[in-house]
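# Overview (structure and organization)
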Amino acid sequence: MTIYYVNSVTGANTNAGTSEDAPFASFSAVESLKLQPGDSVLLAAGSVFNDQLDLKYSGTVDAPITIGSYGIGDAPVIHSPNDGIHSLYASNIVIENITISDTAGAAIYAGYVSNWTVRNVEVDHTGLSKSGSITFRTGSNITIENSTINDVNGDGIWIEKITGVTLLNNTVTNAHGTAADAVQLNDSRNIVISGNTFDQTGAVTPKGVLTLVRPVDAVIEGNTIIGGGFGISAQAGTNVAIHDNDISGYGGYSWSYAVGLGDQGDTRNYDISGNYIHDGVWGVSVSAAGTTTYVREGIDIYGNLFDDLTQAALKVDRPASGSFHDNFIASDVTPYSISPSIIAAGTFPVSDNTTIEEGGVGLASADSLVAADASISLVSDTGLTSHDGLKLSLDKTASDKAGDHLDNPIEVNSVSDGTLLLRHFGKAAFEKHGSTLGNGDHGLTIEAADLAGPENGNGISHHEIAAQPLHHSPADGPILSILQDSMLH
């Protein structure tokens, strides 16, 4: 296991390259080597390399080949008239702690590879002649984590025909081009996309944010997704879980949606829950561009918050089976738009949703049905700063089910017997509705029976939180009051 050092300022290709005192000067010296498993190629901090780095050799699972950096200062930068890093058929590779910018081609292009990790890499202004940023085609086990991709031409991340994709805690902003998404995955499976920020608000002619074409076994959770013509397009997949994402700012088209599915092939077993969907057009859209015979089945949509949408929270205008239940919908948002034939067939029932009234955190049924065996709790999120919002999550009963979703995202279809808590949706939606929030675990539970109205179940009781003077410091927990039957609780 040998460490090779490369310094574009002080190095020389006649050096041995095996010490910081005698580094190589350029990539050509590295490419003349036959790298072995466990070898590392470290680029000096502050160096700039105006060439493409070709990786020809593979490491092993236990001893990957690493491309990284050494020294103190700015991360080394790769410019290139071609791709920044290019590889075919090389596996077990780690790329870390470098910057790739102003390349004519992709920042990283790799095909027919397995077991690559890209971590703490900054990509900026790439794809200047042929579009591209980070591209993987055909292979397995690709991880991109803690990396930043900004101001690129073409898709920020493009992955196709990969089994085992992990995108974790990355930031992708402004992928430019009429066909460019922040991230696109085609014909891939075993996918985890978690904790990322994808923002297309500054992109030139943006298409969308996150596109998955025919995904199989995918979990998309805890991401912030902003802008674009759509938020998440997962049109034709199997076993797809879309959980706890904040999706906003999408639009530009009459059909723009936060989550879209039902086009481009059969759609089976989708779990769409716990998302905060706001400031856009449609919420969840089960639709298609034309009259198709695709299968659309097992679509469970629950526990989401919909706010500030110009169209309905749910759109279903093609044959589909599923359910829309236990969601929170702002009173100025149309709850659903479902084709009469689908309503008549009874294949996509709507039930037990809750309206959040404008002007006060009033709660009322969004449907003509009553929540059963459930309760709604208002609590502050101790993981956030003061006045930083509320969190919608599951109690233990439902969290046990949520755990099932991670193993089999579509196995469990309801949380109606659990407790829904307001989760990580940010302060805006609730501040505008009149609540004053702070830190702490203070909370208030509104039982479903209370929401149902009188004991005989006839009619809908409308509970509003009365405005209260603020007599506590910002660090105190929230004071929430419920006005019910002329009594303040």
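These figures come from a predicted structure and were not determined experimentally.

Criteria and thresholds
Residues numbered from 1 in each chain as written. Predicted model: local features only at pLDDT ≥ 70, side-chain atom pairs only at ≥ 80, totals over all residues. Heavy atoms only, no water. Phe/Tyr/Trp six-rings, centres within 6.5 Å; stacked < 30°, edge-to-face > 60°. Helix = DSSP H or I, 4+ residues; strand = E, 2+ residues; numbered from the N terminus. Buried < 20%, exposed > 50% of the residue type's maximum accessible area, 1.4 Å probe, protein only. Lys NZ or Arg CZ within 6 Å of the ring centre and 35° of its normal. Contact = heavy atoms within 4.5 Å. Pairing = 2+ DSSP bridges. Core = buried A, V, L, I, M, F, W, Y, C linked by side-chain atoms within 4.5 Å. Salt bridge = Lys/Arg side-chain N within 4 Å of Asp/Glu carboxyl O. Polar contact = N/O pair within 3.5 Å; in protein donor to acceptor, adjacent residues only side chain to side chain.

## Section: the packing of aromatic side chains
According to the stated counting rule, one finds 9 aromatic pairs in the structure shown. Considering the side-chain rings of tryptophan 116 and phenylalanine 136, the 5.6 Å spacing of their centres and the 75° angle between planes classify their relative orientation as edge-to-face. With tryptophan 116 in strand β10 (residues 108–119) and phenylalanine 136 in strand β12 (residues 134–145), this pair connects stretches of sequence that are 20 residues apart. Judged on exposure class, the residue tryptophan 116 and its partner phenylalanine 136 are both buried. Taken together, the ring pairs connect Phe230, Tyr253, Trp255 and Tyr257 into an aromatic cluster. Here lysine 315 stacks its cationic end above the ring of tryptophan 282, 4.7 Å away from the centre of that ring.

## Topic: the environment of leucine 261
Residue placement: leucine 261 occurs in strand β25 (residues 257–261). Judged by its relative accessible area of 1%, leucine 261 falls in the buried class. On a C-alpha basis, the gap between leucine 261 and alanine 236 in space is 6.3 Å, while along the polypeptide they are 25 residues apart. Apart from residues no more than four positions distant in its own chain, leucine 261 is found in contact with Ala234, Gln235, Thr267, Tyr270, Ile272, Val284, Ser285, Val286, Ser287 and Ile299.

## Observations regarding the pairing of strand β29 (residues 296–302)
Judged by how many residues are buried, β29 sits mostly within the fold: 5 of 7 residues are covered. Here 6 bridges tie strand β26 (residues 267–273) to β29, and the two strands are oriented parallel to one another. Along β29, the bridge assignment pairs threonine 267 with arginine 296. Where β29 meets strand β32 (residues 322–325), 4 bridges bridge the pair, whose relative direction is parallel. Residue pairing for β32: isoleucine 299 is matched across the bridge by glycine 322.

## Concerning the nonpolar core
The biggest cluster of nonpolar side chains holds 88 residues, and the ones touching the most others in it are Ile95, Trp116 and Phe136. Dropping the residues within four chain positions of it, phenylalanine 136 is found in contact with Ile108, Ala110, Val113, Trp116, Val118, Ile142, Ile144, Trp158, Ile159, Glu160 and Ile162.

## Side note on the pattern of salt bridges
Within the structure shown, the criterion is met by 9 salt bridges. Put simply, glutamate 96 and arginine 119 hold a salt bridge, and the shortest N to O gap is 2.8 Å. Taken together, the residues span a long stretch of sequence, with glutamate 96 in strand β8 (residues 93–96) and arginine 119 in strand β10 at a distance of 23 residues. On the basis of relative accessibility, which here comes to 30%, the residue arginine 119 falls in the partly exposed class.

## Some thoughts on unusual backbone geometry
One non-glycine residue, threonine 138, adopts positive backbone phi at about 70°. Relative to the elements of secondary structure, threonine 138 occurs in strand β12. Not every positive phi belongs to a glycine, and aspartate 352 is a case in point at roughly 60°. Its place among the elements puts aspartate 352 in the loop between β35 (350–351) and β36 (354–356).

## Quick word on the side chain of histidine 325
As for its placement among the helices and strands, histidine 325 is situated in strand β32. Among the polar contacts made by the side chain of histidine 325, one reaches the side chain of aspartate 300 at a distance of 2.9 Å.

## A few points about the side chain of asparagine 275
With respect to the helices, strands and loops of the structure, asparagine 275 is situated in the loop between β26 and β27 (276–280). Overall, asparagine 275 belongs to the buried group, its relative accessible area being 0%.

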